[in-house]
Amino acid sequence: MTAPALDAPRSPYRRTKATRSNYELYGWLFMRLSGVVLLVLVFGHLFVNLFVGKGIHAVDFAFVAGKWSSPFWQVWDLAMLWLAMAHGTNGVRTIINDYAERDQTRLWLKSLLYASFVVIVALGTLVIFTFDPCPTGGAAGNLPSFCTAR
């Protein structure tokens, strides 16, 4: 019986075929960059909602309706929703890949994760863009000031 042939101990590593893509690298970079952008979006949101004007006591239907009557704030909140959901989904995807041992378990967990991502982003987008700041039959005291002109 002969011993198997081995490379010399100091021979350089030779890759025989490409086994990976850069998908995980891009996921890692996305987490860092989206985290920085989310900090700006969230702290801007908190500053406007809690410190500008009368503070937390002014946050009611009229305040939100007044904000969402502006396309700027609709896009701001939409960007915050989409980016937070994508950031969180990517983080949970990484956790599933790390801790789910069986391929079938990983497939089902990620399928549920992606389905919930789509549902929440679709519903959130629908709410932001179909929100009526001046609903008919609303009490005048609960509506923003620009609704009384109708």
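Before reading on, note that the structure itself is shown above.
Just so you know, these numbers come straight off a predicted model, no measurement behind them.

How each quantity is defined
Residues numbered from 1 in each chain as written. Predicted model: local features only at pLDDT ≥ 70, side-chain atom pairs only at ≥ 80, totals over all residues. Heavy atoms only, no water. Helix = DSSP H or I, 4+ residues; strand = E, 2+ residues; numbered from the N terminus. Buried < 20%, exposed > 50% of the residue type's maximum accessible area, 1.4 Å probe, protein only. Contact = heavy atoms within 4.5 Å. Areas by Shrake-Rupley, 256 points an atom, 1.4 Å probe, with all protein chains shown as cover. Core = buried A, V, L, I, M, F, W, Y, C linked by side-chain atoms within 4.5 Å. Salt bridge = Lys/Arg side-chain N within 4 Å of Asp/Glu carboxyl O.

1. Concerning the overall build of the chain
The helix and strand tally for the chain stands at four helices and zero strands. Written out in order from the N terminus, the α and β elements of the chain read α-α-α-α. For the chain, the residues scored as buried account for 26% of the 150 residues in total. A separation of at least 24 residues holds for 67% of the contacts in the chain among residues at least 6 apart in sequence. For the chain, the exposed area adds up to about 11500 Å²; of that, 68% sits on carbon and sulfur atoms.

2. Re the nonpolar core
One broad rule of soluble globular proteins: the nonpolar side chains tend to lie buried together. Counting residues in each nonpolar core, the largest one holds seven residues, listed as L38, L41, V48, W73, W76, M80 and L83. Every element with two or more residues in this core is listed here: α1 (23-50) and α3 (71-99). By residue number, the principal contributor to this core is α3, which donates four residues. Once residues lying within four places of it in the same chain are set aside, the contact partners of V48 are F63 and W73.

3. Let's talk about the pattern of salt bridges
Under the counting rule described, the total for this entry stands at two salt bridges. The closest approach of N and O atoms between R93 and E24, which form a salt bridge, is 3.1 Å. Here R93, found in helix α3, pairs with E24, found in helix α1; they are 69 residues apart in sequence, far enough to count as distant. R93 sits in the buried class, given a relative accessible area of 5%. Residue R106 pairs with D103 through a salt bridge whose shortest N-O separation is 2.7 Å. Highlighted residues: R106 and D103, both in helix α4 (residues 103-130), separated by three residues, approximately one helical turn. Residue classification places R106 among the buried residues on the basis of a relative accessible area of 17%.

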